[in-house]
Amino acid sequence: MNITIHATPDNEKTILDLAEEQGISLPCNCHGANACGGRQYDFPCGMVPRHNISVSIPDQKKLTGITLTSALDKTIRPDTLLIDLGTTTVSMVFYHSAAGTVFHCTTFENPQREYGADVISRIKYDVEFHNDYTLKEKICGKIIKQYYIFTSSHPDISIRTCLIGGNTTMIHLLLGLPLDGMTGSPFTPHPFDDFYFSYHNTDIYILPWLSAFIGGDIAAGLLSLDFDKRTDTCLLADLGTNGELALLRDGRILTASTAAGPAFEGGGLSCGCPAVAGAIADLTWNPIMPKLQTIENKLPTGICGSGAISMLSELITHGYLLPSGMLADTFPANGLLVSKTASSGNIVFTREDVRQMQLATAAIGAGIDALCRQAGISADQIRCLYLAGGFGYHIQIQKAARTGLFSDIDTSRITSVGNSCLNGLAELSSCPAALPERIGRLKEKCQELILADDEYFQKQYILHMTYEPVSTR
């Protein structure tokens, strides 16, 4: 498409900066250094125009975050608060349960992160200092603060209902429950039944966990997809630090959790970052300078999980990763340069980054295989795979399939559903009284497969570290 960049005779800003001021974010891997030799746009990125200029740019594909709806509706006052309590981030959505509209939403970093980036480190800290209730006070204090910031700005709004979903550990920490049973096998949640209570005239419903590794956030996602009612063959995969999988087959639900590590959320990578503005979410490899797609088309700041998957796929396609799973000699010892940052730093993808992504994708692919074997089916019999979470929202399906992430499931059967936890909470908010019955049906149908004890999973895990066609393994 053609756009006009406005400039004055005394202008000293580059064409990229002027475009940004006009609300048009044009990704540039080298920030005006023209390292691509004009391959990205039909104009030099470092140009400093002295008059209005018309340029042609590709139609922009803007990646944004996950929300319940594409637009806020300020005309209908909310009556419900939905909270997705994640290990890394927390999302709060002020919602009208009958109209199905979003009035306001906010996302912030979980304040417990200063005590550990993952659930294991937080469990360890809470067990050692449980009587201090530090982690409970951190998260409760932050949520209450955000709630009062909103209500003080909207004193005419009354929130009558609050629904909360989170993984098993996060809900333990929210409620101040002991985590001693979660420190080792057989990983037993603390006995607890009172997931409903009232706080300042607000009815609060917390989605209960289904097991130690399948929390209320997954339960909400399953309910949003009617897994408690359906009888077809389908799979929900919520891919993050822990890859939670739930396979519906003949009216029963097989669940599993596999430790994929933090790579899907950008953690543990040399230049990794969460799925925030500026994160590289997709790329097409070019030895001179890869073509990038960043979230919200902002200047590159790092590589998020979907970008790392894209990179892994490109390495396989271009021969840097051999069918054996080994790196070719052409892969530089100090890593591949992906982009420059705004401060002229290097964003690179290293040999260790490759290894982390191989481990993560293999864990999910092998987990799918193990569930299918337990259900007595092959992966190609799954009629629909629902991808949940930020990783699944931004991922390029075809590229992810090239890494073996989806085992042998046809990509035409894969659907990204966004934040399935919030989707489920929103649906349940119209009739929260039905929650105990629906959760009860889920629990009756669910059977957990412990992958750590499954020899077939271990075998498939090794096989998924290679890139031969599944049929030849």
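Read on for a plain summary of the structure. (Residues numbered from 1 in each chain as written. Predicted model: local features only at pLDDT ≥ 70, side-chain atom pairs only at ≥ 80, totals over all residues. Heavy atoms only, no water.)

## So, the sheet that holds strand β19 (residues 446–448)
Here's step 1: Strand order in the open sheet formed by six strands is β18-β17-β9-β10-β11-β19, with mixed pairing between adjacent strands. Looking at the sheet topology across the chains shown, the edges are occupied by β18 (414–418) and β19. Strand after strand, the sheet turns through a mean of 20° between neighbouring axes, direction not considered.
Here's step 2: Relative to β19, strand β11 (residues 252–259) is paired through three bridges, and the arrangement is parallel. Bridge assignment links Leu-254 to a residue of β19, and that residue is Gln-447.
Here's step 3: Running at roughly 145° to strand β9 (residues 234–238), helix α5 (residues 216–224) makes contact with β9 and β10 (242–249) of the sheet. (Pairing = 2+ DSSP bridges. Helix = DSSP H or I, 4+ residues; strand = E, 2+ residues; numbered from the N terminus. Axes fitted to C-alpha atoms, helices over the stretch in contact; angles between N-to-C directions. Contact = heavy atoms within 4.5 Å.)

## Let's talk about the packing of aromatic side chains
Here's step 1: Scanning all chains against the criterion turns up 13 aromatic pairs.
Here's step 2: The interplanar angle of 25° and the centroid separation of 6.5 Å between the aromatic rings of Phe-94 and Tyr-147 together place this pair among those described as stacked. On the criterion of sequence distance, the pair formed by Phe-94 in strand β4 (residues 89–96) and Tyr-147 in helix α3 (residues 134–153) is long-range, its members being 53 residues apart. This pair shows no difference in class: Phe-94 is buried, exactly as Tyr-147 is. (Phe/Tyr/Trp six-rings, centres within 6.5 Å; stacked < 30°, edge-to-face > 60°. Buried < 20%, exposed > 50% of the residue type's maximum accessible area, 1.4 Å probe, protein only.)

## Concerning helix α10 (residues 420–429)
Here's step 1: For α10, a buried count of eight out of ten residues is recorded, marking the element as mostly surrounded by other parts of the structure.
Here's step 2: At the N-terminal end of α10, a side-chain oxygen is found 3.2 Å from the backbone nitrogen of Cys-421, two or three residues along, and the residue is Asn-419. (Polar contact = N/O pair within 3.5 Å; in protein donor to acceptor, adjacent residues only side chain to side chain.)

## Here's the deal with unusual backbone geometry
Here's step 1: Going from Ser-185 to Pro-186, the amide bond is cis rather than trans, its omega being 10°.
Here's step 2: As for its position among the elements, Pro-186 is in the loop between α4 (168–175) and β7 (196–199).
Here's step 3: With phi around 50°, Tyr-133 is a residue other than glycine that occupies positive phi space.
Here's step 4: When you line up the elements, Tyr-133 lands in the loop between α2 (119–128) and α3.
Here's step 5: One non-glycine residue with positive phi stands out, namely Asp-226, at about 60°.
Here's step 6: Residue classification places Asp-226 among the partly exposed positions, given a relative accessible area of 28%.

## Structural notes on the pairing of strand β3 (residues 80–85)
Here's step 1: Buried residues dominate β3, accounting for six of its six residues.
Here's step 2: Of the two faces of β3, the one holding Thr-80, Leu-82 and Asp-84 and the one holding Leu-81, Ile-83 and Leu-85 are both buried throughout.
Here's step 3: The pairing of β3 with β4 spans six bridges and is antiparallel. Residue Asp-84 lies in a different strand from β4, and its bridge partner there is Ser-91.
Here's step 4: Hairpin connection of β3 to β4: three residues between the antiparallel strands.
Here's step 5: Looking at chain direction, β3 and strand β6 (residues 161–166) are connected through six bridges and run parallel. Across the sheet, Asp-84 pairs through a bridge with Gly-165, a residue of β6.

## Comments concerning the side chain of Glu-244
Here's step 1: With respect to the helices and strands, the residue Glu-244 is situated in strand β10.
Here's step 2: Of the side chains with opposite charge, Arg-122 comes closest to the buried, unpaired Glu-244, at an N-O distance of 13 Å.
Here's step 3: Discounting chain neighbours no more than four positions away, the residues touching Glu-244 are Phe-213, Ile-214, Ile-218, Leu-236, Ala-237, Asp-238, Ala-256 and Ser-257. (Lys, Arg positive; Asp, Glu negative; His and termini not counted. Salt bridge = Lys/Arg side-chain N within 4 Å of Asp/Glu carboxyl O.)

## Some remarks on the pattern of salt bridges
Pairs can form between side chains of opposite charge whenever their charged atoms are close.
Here's step 1: One pass over the structure, following the stated rule, counts 13 salt bridges.
Here's step 2: The residue Glu-314 makes a salt bridge to Lys-399 at a minimum N-O spacing of 3.7 Å. Of this pair, Glu-314 sits in helix α6 (residues 305–317) while Lys-399 sits in helix α9 (residues 397–402), and the two are 85 residues apart along the sequence. Neither residue differs from the other here; Glu-314 and Lys-399 are each classed as buried.
Here's step 3: The structure contains a network of salt bridges with shared partners spanning Asp-226, Asp-228, Glu-427, Glu-437, Arg-438 and Arg-441.

## Notes on the environment of Pro-186
Here's step 1: The class of Pro-186 is exposed, set by a relative accessible area of 67%.
Here's step 2: For the pair Pro-186 and Gly-367, spaced 181 residues apart in the sequence, the C-alpha separation amounts to 19 Å.

## Notes on helix α11 (residues 435–445)
Here's step 1: When we look at burial in α11, the residues that qualify are Leu-435, Arg-438, Ile-439 and Leu-442. Along α11, the residues classed as buried sweep out an arc of 100° about the axis, all on the same side. What points out from α11, more than 90 degrees from its buried face, is the exposed set Pro-436, Glu-437 and Glu-444.
Here's step 2: Here the buried face of α11 lies against β8 (202–206), α5, β11, α10 and β19. (Arc of directions from axis to C-beta.)

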